[in-house]
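Structural characterization, general
The residues making up each chain are set out below.
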Amino acid sequence: TQSAGRGRRGRTWLSPAGGLYLTASLPVDPTARPPIFGAVAGGLAVCDLLRESLALPAALKWPNDVLAAGAKAGGMLVEERDGLAVAGLGLNLDAAPDAEQLRPDAAVDAGILGLDDLGPLALWAAVLASLAETFAWAASLGAAEPLVAQVQARLAWLGRRVAVGEARGTFL
C-alpha cells in the first residue's frame, strides 16, 4: 500500500495491498509541440504493455484509466512540474478496492490483473520502460494526430453511447 496519494480532481486514491504503485518522473521538452499529454501517453503506455507484452484484454476507459476484461485494473495521474512529467500509477495485481470503497457513480467495477507468471518487480521495470518509450515517442511527434489515433484505437467505448456525470448534471 502507499501512505498518500490522490486521484483526478483531488479524489481519494485507494491502494490496497496486492497492487503495484509507483511514481515515475520523465523529462518534458517545454518547446515540444504538441505537449506530451501526460495522462494520454501514460495510459497508452500501460495499455500497450498489458496488451502486447502480457496478452491481456486491456483497453482505455479514459486516457488515464486502464481496463482489463471490462473492469478498471489501474489508473494514473500525470502532472507536469519543473520540466518533468510526474506520473503516479496504480495497478490492481492481486487485489482491488471493495465495491463499497468506490464512488457510488463509478462507471465500472474494480478488477485485478492476476499476473501469475510475472512478479511485481518485473512488472515495475516493464512499466517504467514502457512509460519512457511512449513518452519519448509522444514528445517526438510534430502533431497530436498520431497520439490521438493510437489512443482512439484502444478506447473501450468508442462509438458507443455513454453517460458522463458531472456536478452540473449527466450528459449523454
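Shown above is the structure to which this text applies.
Reference entry: report on the structure contained in this document. Note that the coordinates shown come from a computational prediction; the quantities given were computed from them, not determined experimentally.

Okay, the overall build of the protein next. When you go through the protein residue by residue, the secondary structure sums to three helices and seven strands. Sequence-ordered secondary structure for the protein, helices as α and strands as β, is β-α-β-β-β-β-α-α-β-β. For the protein, the proportion of contacts with a sequence separation of at least 24, taken over those separated by at least 6, is 60%. Working note: accessible area of the protein is about 9,700 Å², and carbon and sulfur atoms make up 54% of it.

As a further point, take the side chain of asparagine 92. Relative to the elements of secondary structure, asparagine 92 occurs in strand S5 (residues 84-92). A polar atom in the side chain of asparagine 92 sits 3.4 Å from the backbone oxygen of lysine 72.

By the definition in use, this model includes four salt bridges. For aspartate 65, the salt bridge goes to lysine 72, with nearest N and O atoms at 3.1 Å. Assessed through its relative accessible area of 6%, aspartate 65 is described here as buried. In this structure lysine 72 comes out as partly exposed when scored by relative accessible area, which is 29%. The salt bridge partner of arginine 81 is glutamate 79, with a shortest N-O separation of 2.6 Å. Classification of arginine 81 as partly exposed rests on a relative accessible area of 45%. Each member of the salt-bridge network shares a partner with another, and the members are Lys61, Asp65 and Lys72.

Before going further, it helps to spend a moment on the pairing of S5. When strand S1 (residues 19-27) meets S5, the two strands line up antiparallel, connected through nine bridges. Looking at S5, one finds that leucine 26 is bridged to alanine 85. With eight bridges connecting them, strand S4 (residues 71-81) and S5 associate as antiparallel partners. Across the sheet, the residue bridging to valine 78 is alanine 87, located in S5. Taking the residues that link successive antiparallel strands as the turn, the S4-S5 hairpin has two residues, and the phi of aspartate 82 there is positive, at about 50°.

What counts and how
Residues numbered from 1 in each chain as written. Predicted model: local features only at pLDDT ≥ 70, side-chain atom pairs only at ≥ 80, totals over all residues. Heavy atoms only, no water. Helix = DSSP H or I, 4+ residues; strand = E, 2+ residues; numbered from the N terminus. Contact = heavy atoms within 4.5 Å. Areas by Shrake-Rupley, 256 points an atom, 1.4 Å probe, with all protein chains shown as cover. Polar contact = N/O pair within 3.5 Å; in protein donor to acceptor, adjacent residues only side chain to side chain. Salt bridge = Lys/Arg side-chain N within 4 Å of Asp/Glu carboxyl O. Buried < 20%, exposed > 50% of the residue type's maximum accessible area, 1.4 Å probe, protein only. Pairing = 2+ DSSP bridges.

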